[in-house]
Amino acid sequence: MKEENSCCHKTKERSEKEYQDLIHRLNRIEGQVRGIKGMVEKNVYCTEILVQVAAVNAALNSFNKVLLANHIRICVAEDIRQGKEETIDELVAVLQKVMK
């Protein structure tokens, strides 16, 4: 996959399948969040809202796992093949942020 530096921001070209999967997951998460907002607006009991928030957190964690796996398999592997060792430091820094 091709990566470009554009004013200090990297971009990534994703396959159509990867793109569709990520967008599908995000659309589902967005719908869940809208549902939670509706529950708050309707004064739904707290525990019911908390269960839905837990479901959104699980969906976001799943999204992160898929995105991270794709990143390692494609971006990180390609950079290492090209001798860009700084990518490992970048990955470690990202993992530290994600795993807080």
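Computed from a predicted structure; not experimentally measured.

Chemist: Is there a simple way to think about the overall build of the chain in this case?
Modeler: Scanning the chain for helices and strands turns up 3 helices and 2 strands. Secondary structure elements of the chain occur, N-terminal to C-terminal, as β-β-α-α-α. Its C-alpha radius of gyration of 18 Å places the chain more than 25% over the 13 Å reference for a compact globule of 100 residues. With respect to the principal axes defined by its C-alpha atoms, the chain has extents near 55 × 30 × 25 Å. Within the span of the chain, comprising 100 residues, buried residues form 19% of the whole.

Chemist: Explain the nonpolar core to me, please; I cannot follow it from the model alone.
Modeler: It is characteristic of soluble globular proteins that their nonpolar side chains tend to be buried jointly. Of all hydrophobic cores here, the largest spans 8 residues; its members are L22, I29, I36, M39, I49, V56, F63 and V66. Counting residues per element, the ones that place at least two in this core are α1 (16–41) and α2 (46–81). Non-local contacts of I36, meaning those with residues more than four positions away in its chain, are made with I49, Q52, V53 and V56.

Chemist: What exactly am I supposed to notice about a nonpolar patch on the surface here?
Modeler: Together, Y19, I23 and L26 make up a nonpolar patch on the protein surface, roughly 240 Å² of accessible area in all. Relative to the helices and strands, L26 resides in helix α1.

Chemist: Any chance you could explain the environment of H71 here in plain terms?
Modeler: Along the chain, H71 falls in helix α2. Judged by its relative accessible area of 24%, H71 falls in the partly exposed class. For the pair H71 and K12, spaced 59 residues apart in sequence, the C-alpha separation works out to 9.6 Å. Aside from chain neighbours lying at most four places away, what touches H71 is V76, E90 and L91.

Chemist: Any chance you could explain the side chain of D79 here in plain terms?
Modeler: In this structure, D79 sits in helix α2. Given the relative accessible area of 7%, D79 is considered buried. There is a polar contact of 2.7 Å between the side chain of D79 and the side chain of T87. In this view, D79 contacts K10, K84 and T87; residues no more than four positions away in its chain are not counted.

Chemist: Would you mind going over the packing of α1 against α2 with me for this structure?
Modeler: When two helices pack together, their arrangement is given by the angle between the helix axes and the distance between those axes. Interaxial distance between α1 and α2 falls to 10 Å at its minimum, and their mutual angle equals 165°. Judged by the angle between their axes, α1 and α2 are roughly antiparallel. Here the hand of the crossing between α1 and α2 comes out left-handed. When the residues that make up the contact of α1 with α2 are grouped by side-chain class, the tally is 17 nonpolar, 4 polar and 4 charged.

About the criteria used
Residues numbered from 1 in each chain as written. Predicted model: local features only at pLDDT ≥ 70, side-chain atom pairs only at ≥ 80, totals over all residues. Heavy atoms only, no water. Helix = DSSP H or I, 4+ residues; strand = E, 2+ residues; numbered from the N terminus. Rg over C-alpha atoms; globule rule 2.2 N^0.38 Å. Buried < 20%, exposed > 50% of the residue type's maximum accessible area, 1.4 Å probe, protein only. Core = buried A, V, L, I, M, F, W, Y, C linked by side-chain atoms within 4.5 Å. Contact = heavy atoms within 4.5 Å. Patch = residues over 30% accessible without salt bridge, like charges linked within 9 Å, V, L, I, M, F, W, Y side chains within 5 Å. Areas by Shrake-Rupley, 256 points an atom, 1.4 Å probe, with all protein chains shown as cover. Salt bridge = Lys/Arg side-chain N within 4 Å of Asp/Glu carboxyl O. Polar contact = N/O pair within 3.5 Å; in protein donor to acceptor, adjacent residues only side chain to side chain. Axes fitted to C-alpha atoms, helices over the stretch in contact; angles between N-to-C directions. Parallel < 35°, antiparallel > 145°, perpendicular 65-115°, else oblique. Left-handed = near helix turned anticlockwise from the far one by under 90°. Nonpolar A, V, L, I, M, F, W, Y, C, P; charged D, E, K, R; others polar.

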